[in-house]
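# Examining the three-dimensional arrangement
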Amino acid sequence: MVYAYIQDVPIGRELYRKVITQMGPEPIAGQLLHLCVRLPEGKLRYIDVWESEQACERAFEQRIHPASTLRSVAPGPTANPPCSASTCCTPRALLCPRAGHDPS
């Protein structure tokens, strides 16, 4: 079942680009959509849509958290910034399903 993940993080564009660079150019398995929106107060909001909740968890474990916690990206004992808000939900429908993809 399709899974959406929304997270506000207290980082700026420069750190975001470092994390994305550290993750590498390969597509993340199971990720259908990634949006990064700059909020008025300077934080970023990630909006991700995944093939499943398991695909999201696997990506965070294998690619996202390792890239965001490296000292070369953000020095300090806990480089992964704390989340100010997280919401997980199961979308009811896809607006633009991929060809051959059954969203049910």
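Below, the structure is looked at part by part. Not measured: the values here are computed from a predicted model.

## Concerning the overall build of the protein
Within the protein, the regular secondary structure consists of two helices and four strands. Put simply, the protein runs from its N terminus to its C terminus through helices and strands in the order β-α-β-β-α-β. Once local pairs closer than 6 in sequence are excluded, the contacts in the protein between residues at least 24 apart make up 67%. Element-wise, carbon and sulfur atoms account for 56% of the exposed surface of the protein, whose accessible area totals about 6900 Å².

## Focus: the environment of V19
With respect to the secondary-structure elements, V19 resides in helix α1 (residues 13-23). Residues V19 and H65, spaced 46 residues apart in sequence, show a C-alpha to C-alpha distance of 9.3 Å.

## Some details on the environment of G42
Residue placement: G42 occurs in the loop between β2 (31-38) and β3 (44-50). Once the C-alpha coordinates of G42 and I11 are considered, the two residues, 31 residues apart in sequence, prove to be 7.7 Å apart.

Definitions and limits used
- Residues numbered from 1 in each chain as written.
- Predicted model: local features only at pLDDT ≥ 70, side-chain atom pairs only at ≥ 80, totals over all residues.
- Heavy atoms only, no water.
- Helix = DSSP H or I, 4+ residues; strand = E, 2+ residues; numbered from the N terminus.
- Contact = heavy atoms within 4.5 Å.
- Areas by Shrake-Rupley, 256 points an atom, 1.4 Å probe, with all protein chains shown as cover.

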